[in-house]
Amino acid sequence: VWEVDDRVVVALELPGVSSECIEVRLEGESLVVGGEIPATPEGEGRFLRIERPRGRFHRVIPLPPGVKGEPSAVLTAGVLEVTLPCSRSGRRRIPIDGGR
């Protein structure tokens, strides 16, 4: 999760998962991502070793204050990237008086 100018970006690695198997929603001050990573490969054969997690997953990601507007989500090369517009109006830099 990171912030860039006027947006917050959340990236999740989901190799082998299609967009149909993922649910993304906002709940209050959190982004909720869930779905299922397929348990078996397509085609014939059997696993000899698996190092990727399989099965259902569910993540709740707290968001910083000021997230507003319509989010967007893109799944590219196994990485889900959710972009949420963010208002900086509630943030101000506080000057520090150097004094003496």
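Above this note sits the structure.
Residues numbered from 1 in each chain as written. Predicted model: local features only at pLDDT ≥ 70, side-chain atom pairs only at ≥ 80, totals over all residues. Heavy atoms only, no water.

In spatial order, the strands read S1-S2-S7-S6; together these four strands make up an open sheet with antiparallel pairing. Two strands in the sheet have a free side with no partner beyond their single neighbour: strand S1 (2–4) and strand S6 (72–76). Averaged over all pairs of adjacent strands, the angle between strand axes in this sheet comes to 25 degrees, irrespective of strand direction. Summarising the sheet, S1 and strand S2 (residues 7–13) pair through three bridges and their orientation is antiparallel. (Pairing = 2+ DSSP bridges. Helix = DSSP H or I, 4+ residues; strand = E, 2+ residues; numbered from the N terminus. Axes fitted to C-alpha atoms, helices over the stretch in contact; angles between N-to-C directions.)

Topologically, serine 30 is positioned in strand S4 (residues 30–37). Setting aside anything within four residues of it in sequence, one finds serine 30 in contact with Arg25, Val60, Ile61, Pro62 and Leu63. (Contact = heavy atoms within 4.5 Å.)

Within a regular strand, the side chains alternate between the two sheet faces. In sequence, S1 turns back onto S2 through a hairpin of two residues, with aspartate 5 there showing a positive phi of about 45 degrees. In this sheet, strand S7 (residues 79–85) lies alongside S2 in antiparallel orientation, the contact comprising seven bridges. Among the inter-strand pairings, valine 9 is bridged to a residue of S7, identified as threonine 83.

Okay, unusual backbone geometry next. If you check the backbone angles, aspartate 5 has positive phi at about 45 degrees while not being a glycine. Structurally, aspartate 5 can be placed in the loop between S1 and S2. Here alanine 77, not a glycine, exhibits a phi torsion of approximately 50 degrees, which is positive.

Here we come to the pairing of strand S3 (residues 22–27). For S3 and S4, the ladder comprises six bridges, and the chain directions are antiparallel. Within the sheet, the bridge partner assigned to valine 24 lies in S4 and is valine 33. Taking the residues between adjacent antiparallel strands as the criterion, S3 and S4 are bridged by two residues, where glycine 28 takes a positive phi near 60 degrees.

The next subject is the sheet that holds strand S5 (residues 55–62). The antiparallel open sheet is built from three strands, whose spatial order is S3-S4-S5. Two strands close off the open sheet at either side, each with one partner strand: S3 and S5. When the angles between neighbouring strand axes are averaged without regard to direction, this sheet yields 15 degrees. Examined bridge by bridge, S4 and S5 share eight bridges and lie antiparallel to one another. Counted as the bridge partner of isoleucine 37 is glycine 55 from S5.

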